[in-house]
Structures are given as structure tokens and as C-alpha cells.
Protein chains: 2
Amino acid sequence: MDSLLLTSTDIRTVINGVGLDQLMDELTAGLEQVLQDWAPTQFDVPVRGGFEYSTPVTGLLEWMPALRYGDSATVKMVGYHPLNPHNHHLPTILSTAYTFDVRTGHLTAVVDATLATALRTGAASAVASRVLAAPESCVLGVIGCGAQAVTQIHALCRCFPIRRILASDTNPQAVASLARRIAACGLPADLEIVSASAAEALEASDIVCTQTSVAIGAGPIVADGPHRDHLHINAVGSDFPGKTELPASLLGRSFVCPDFLAQAAREGECQQLAPAAVGPDLAALVKNSAAFSHQQMQTTVFDSTGWALEDHVVIELLVQHATRLGLGSPVALEAVPPDPADPYHGLGAAPAAASAFRAAGRSR
Amino acid sequence: MDSLLLTSTDIRTVINGVGLDQLMDELTAGLEQVLQDWAPTQFDVPVRGGFEYSTPVTGLLEWMPALRYGDSATVKMVGYHPLNPHNHHLPTILSTAYTFDVRTGHLTAVVDATLATALRTGAASAVASRVLAAPESCVLGVIGCGAQAVTQIHALCRCFPIRRILASDTNPQAVASLARRIAACGLPADLEIVSASAAEALEASDIVCTQTSVAIGAGPIVADGPHRDHLHINAVGSDFPGKTELPASLLGRSFVCPDFLAQAAREGECQQLAPAAVGPDLAALVKNSAAFSHQQMQTTVFDSTGWALEDHVVIELLVQHATRLGLGSPVALEAVPPDPADPYHGLGAAPAAASAFRAAGRSR
């Protein structure tokens, strides 16, 4: 009874086998479909739990479980250790995911989930933007040009006729390297990337994505100021109590939709809003998209904290493609003993070991 | 940056390399040491969480996280699917564990945890019994003779001069096969195994271990009745709301110690007790064992629901031995990209893929 291992290298081979654009399209469509199907009787997605610590370094290690009843469960583990690049030449975020067959509890797959996390975060913004942003949006503001910006741009360019990107980052190199880092996406030849301040990006964009590493308590990352009436913001960076990116005044006059309310109220932009000021969640948006289409001409915010259901969708999709393509390594990890009542089958005691009773006797 | 895979087969090779008795002794001693060190500033062990479902089959999939600050974290996944043997020829319990370096969030190991779970459950009973049971206990009652009985007998025989086992099970074959299934333990040549009723086991034993699969609401598994004044019971089977093994009247006149109070009050024998009637937990017992030695002449119960800290100890021990013995398979599972801001490095778009915008445009 094997479990499928999909390493980081396997995941890249799977994605190249499917096609990067094709995969993003399938992921966006798959997430939309799951949100259409969403019901408490169909899924169980508890609020994520985690360990937080400050010694020997500041870190966070979280588990994000999601279950589709009668089908499968995914538990994603994600570590956030901001000193990794400096101390260990490692990424800040390391993530793996584990999938289980709920008919048996069998571990079906172990999957590197770092790229998958970035992909599903992009797809979630695309899904929310298709409901809330103006359909002819062609200027995309990008505030924070790190790894997450790449999948935001990719996912949104697959769903909107984006022709101009206003790119803002406190690190000019992140802006300068952005064109190279998004070259793998099948973007239009006439797409312009323009360096801009955060305020300029806010002012002149149809859609803005924020994905910064703003420190806890240091927000907002852009002052409130002029913007288009139909501006839609995907607020991606806020994912921790006290960490927010947007001005409270801007949120206060916007239609704000969280991915997962219980989590967004604790660690998203919704921290800054009274409960009554928060709009429908992503599943409610997708289920009733026609009812919200008038919001496309209003100022709207998608508060994306990262939802375990999104992880479930992307990991299932990658595992399905890997299986179809014959990629990854099957490993017989779990015990399937001939007699489950005989755990010591095939084991032997070391003949010369002293009894612990006698050893313990001496020390008592 | 590799993660070590330890399959079920690897775990058996590790244990044979160490010696089964030696491993049990190290585990018991290691657990005792960690309990001595136990402090909220040293460890974080939240109550386990899980998914419960009844379609398509009754099942439970739980995560059990434990952290030693500044060192490492273990997350054990455990599935409980009672129809596995009948429907799929699989064990009821399937379990895997994942260990993480808390300096970086790196996944250090993926470990089959089914045998490890049985081993640590045995060791926990040994640790509790060394504080609460009469040191010269020589008659061990075993109620429920399945897989868990094997490690209970093993662990207790390593710490007490057991010469007689009173074995009770609703299935006579489980009693008949017990001698064969514990043969791998280095047990005394003159150890007698005697078939007994549950009442006889309760009446004539110094220590009793209960590890049945009693159905929810169907307990107790033995009527209250005569027993030795110094009887110590390790109650192992109760691990679910409504599932209990012991008569409330027996618990009521006993000194009852849970492994982990928050969990035992919800799913252990402590469900049957008012909070004020519950004694100290396992860590408090071990830290102050001298203060509790008078209980060795009284009736006592260890309410063992299975604690994530125990999993942390056994998994760390097995990984350490595997590393020392050069066993297991290192796998480069996690992404360590040359530029963490470049998630699409090495990926290419399929040139012929249609834009999702155009595809979406048709359907809107």
C-alpha cells in the first residue's frame, strides 16, 4: 500500500508536463468549482493551528487541515522562519502537504507544497477578482514584488486583459527582476511593466495585489489616497495577528470579502473591521456571483489569508496529474502487518540485554 | 536538504538493530526524563484535533502536534477506521509522523508510526506504574489481548517482576495466540499465561491493563467487584467521547491520574469523574514521585488516552537510532530554489494554451 512522494523537482516536472498556463487555468476553474460545491455537509475545514515561538529564532509552524467528506483529506504543514535566508540560505517558507484517503486513513501522498501554495494563492485572487473586479481591467498594480507577486500576476493575466503592470517594492531589484521572473507565464507580448510607487499603483490601477512582508504593526503599506472607483484589491500579505497592509479608512469604504472569515478576522485585513462591516466570504461570493456583479463598479477588497481548502484543491490537482503522468515515487511507508494483533512479528529481543526491572531496582 | 523516510520495514530494522528490550528500556527512561523536564516554557502540546465522519464509513483522522521549544516538533497523524480489516484487509489504525526542525521549519523525517504508537503506549503505562503500582507486583491482568496488549506486557515486564499473566478477551483466539505474540520480548522462562475472565483478572492481579475495542457507550468491560487493595490499573482503551472501560464506582474510590487532563476529561476514563475527583497528571506524578509513593498500597488508575508528547519522544528516539545506524532513505522533498523570489524558475508555458480570459469571456 504505497504513498506517492512528490518532491519539489517532481512538482516542476508535473507542471511542465501539464503546461504552466494550463495548470493555472485548471486550478482557478477547480477552485471555483469546489467553492460552488462548498457546504458544511461536503467539507470540514477547521481554522488552522500552529506553534509560535521566538527562541532560538522567531518562527511559526502551522498545520492546515481540510476534508472533503467521503473522499480525501489534506493536511498542509507550513513553516515561516524569516531568518532562514540570512542564517541558513533557506527560503522563509517551507511547506509540505499530506493527503489521506478517508475510507481507510491511508496516507496517499507526501507533496512539497511551497510552489503549490504560491499557485493556489494566485488562483484564489483570480477567483475573487472574477466576481468583484471590472471585467475589462487592464492595469494591474503589484505592491510587493517577491515570489507571491509572480503567481498573482500569472493568475490575473489569465482572467483579465492586463496590458500594464505598475510594480512597487521597497527593494528596487525586486522590481527590476520581475519581467524575468514572470517570463515563464504566457503573457501578452505588449505587456508593459512600469516601476511605480505604492501610491501610484493604488491611483492608476484597475486591480491591485498586495503581497508584502510588512512587519507586525508596521502597516499600512500605502497611505489612503486617490484611486479608481472600481478598484479591486487582492490583499494577500496579511496573515498574522497585527500584520495588515491596507489603510483602515480605505477598508471602511470598500466591500471587503474574506477567504475564510474565522481566520481573516484574526489575522487578515478584517482585523481592522467590525464584524458587521465584513462582506460575504469567498464561497458565498462564488455561489452568488450574479448578486455581486454590481460591486464590479465599486471599490472592493478580497482579504486573502490563505485557506486550507485552497491547499486541498491544488494538492489534489497536482497528485492527479502526477498519477496520470506516472511521476513521483511510490513508497511503502505504512505498516500493513500480516496479523494486526502481532506488532512484534519479525522482531527479536537482544539476548544479552539486562532487565530494566533489575536496573531500575538499583536506582530506587 | 533531505528528509529521512523511515518506512514500517525500516522501523523494524532499526528496532532489531537496537534490540527490542533495549529500545523499550530507552523509551521508558526517555519518557520519564521528558516528563521530569516538562514545563510550559519547554514544550507546547496542544489538545489533538481531528476529523470525524460516518460516511462512507465511520472514521477518525487526527493530528497530534508536540513541540520542544528550540529543538523540534512532531506532528503525528493517526487514522482510526474500524471497518478496515473487513473491507480492505488493512489495520484499523494507520499512523505516520512528521518531524520538523524549529530553527528552520525543515521537514526532518517522515516515519511510519503504527508500531511506535503501540510502543509509547506501553512505555507510558510503565512510567505511571513505576510511581503508582506496588514495586513487587508479580501478577498482571490483561483485559483485551490485541496489539496494544503486547506492548503493555512488554513494558511492564521490563519494570516489574511479573511471573503470571491473567489474560482476558472476548475472542478466545486472542488469548490463545498471546504467548506466541509476546515471544519476541525477553520474558522470564517461568512466566505463566493463564486464561481468565475479566472479573478474575481484576480480582487476582497486582496490576491490570485494559485495552479493549469496547464500543462507544458499551462500557464498562468489567463489573465492579473484589480486587487487591493495592491494585493499579492502566486504562488504555478509552480514547473517544463516550468510550470508557472501567466502572464509575471503581474509579470513584481510586486515585486516578490522567496522561493529559484536557484530553482525558473529554475522551478518557476521566469523563466519568467530576474535575475535583481527578488526581495529578502524568508529568506531575513523575516530577514528584516520592510524594505519591504511599499510593502504591492504594487502588490507583492511570487514564491513558495517548499523548502527543509520548509520540514526540518515541519518534525522536527511532529517528536518532536510524540516523546512527544509517537506516532509512534520505529524500530531497522540499523546494530550495536558487532564488526564493523566482518560483517559476525552470518552468515554461505551453505555447499553444488558450488564454483563460478568452475562454472565460465566452462563458460570461
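1. Details of the sheet that holds strand 11 (residues 207-210) of chain A
Residues and elements named next belong to chain A. What the seven strands build is an open sheet, ordered 10-9-8-11-12-14-13; its pairing is parallel. For this open sheet the edge positions go to strand 10 (192-195) and strand 13 (255-258), each flanked by a neighbour on one side alone. For this sheet the average axis-to-axis angle between neighbouring strands, irrespective of direction, equals 20°. In terms of strand pairing, strand 9 (residues 164-168) meets strand 10 through four bridges, oriented parallel. Paired with Leu-166 across the strands is Val-194, a residue of strand 10. Strands strand 12 (232-235), strand 13 and strand 14 (300-303) of the sheet are contacted by helix 4 (residues 114-132), whose axis makes an angle of about 160° with strand 12. Packing of helix 5 (residues 147-157) onto the sheet brings it into contact with strand 8 (139-143), strand 9, strand 11 and strand 12, and relative to strand 8 it is tilted by some 165°.

2. Concerning the packing of helix 4 of chain A against helix 12 (residues 308-325) of chain A
Residue and element names in this part refer to chain A. With their axes 9 Å apart at the nearest point, helix 4 and helix 12 run at an angle of 120° to one another. On the basis of their axis angle, the class for helix 4 and helix 12 is oblique. By crossing handedness, the relation of helix 4 to helix 12 is classed as right-handed. For the pair formed by helix 4 and helix 12, the contact residues are Ala-116, Thr-117, Leu-119, Arg-120 and Ala-124 on the first element and Glu-310, Asp-311, Val-314, Ile-315 and Leu-318 on the second. A class-by-class count of the residues in the contact of helix 4 with helix 12 yields six nonpolar, one polar and three charged.

3. What to know about the packing of aromatic side chains
In the structure shown here, the tally under the stated rule is 11 aromatic pairs over all chains. Judged by centre distance (5.4 Å) and plane angle (20°), the rings of Phe260(B) and Trp307(B) are stacked. Taken as a pair, Phe260(B) in the loop between strand 13 (255-258) and helix 10 (261-267) and Trp307(B) in the loop between strand 14 (300-303) and helix 12 (308-325) lie far apart in primary sequence, 47 residues in all. For Trp307(B), a relative accessible area of 2% corresponds to the buried category. Here the aromatic residues Trp38(A), Phe43(A), Phe260(A) and Trp307(A) are joined through ring pairs into a cluster of three or more.

What counts and what doesn't
- Within every chain, residues take consecutive numbers counted from 1 along the sequence as written.
- Chain letters and ligand numbers both follow the written order, the letters beginning at A and the numbers at 1.
- Only residues with pLDDT of at least 70 are given local features in this predicted model, and only at 80 or more are side-chain atom pairs given and counted; all residues enter the totals for whole chains, interfaces and linings.
- Side-chain metrics rest on all non-hydrogen atoms present in the structure, leaving aside hydrogens and water.
- Pairing between strands is defined by DSSP: at least two bridges between them are needed.
- For the purposes of this entry, the term helix denotes a DSSP run of H or I that reaches at least four residues, the term strand denotes a run of E that reaches at least two, and both are numbered from the N terminus.
- In this analysis, axes come from line fits to C-alpha atoms, helices being fitted only over the stretch in contact, and the angle between any two N-to-C directions falls in the range 0 to 180 degrees.
- Should any heavy atoms of two residues lie within 4.5 Å, those residues are considered in contact.
- Roughly parallel means an angle under 35 degrees; roughly antiparallel means over 145; roughly perpendicular covers 65 to 115; every other angle is labelled oblique.
- Two helices cross in a left-handed way if the nearer one is turned anticlockwise from the farther one by less than a right angle. They cross in a right-handed way if the turn is clockwise.
- Three classes are used, and their members are as follows: Ala, Val, Leu, Ile, Met, Phe, Trp, Tyr, Cys and Pro are nonpolar, Asp, Glu, Lys and Arg are charged, and the others, Gly among them, are polar.
- Aromatic contacts are taken between Phe, Tyr and Trp rings whose centres are within 6.5 Å, Trp giving its six-membered ring; a plane angle under 30 degrees counts as stacked, one over 60 as edge-to-face, and the others as tilted.
- Burial classification: accessible surface area is computed with a 1.4 Å probe over protein chains only, and a residue below 20% of its type maximum counts as buried, one above 50% as exposed, and the rest as partly exposed.

Everything listed is a geometric property; what it means functionally is a separate question.
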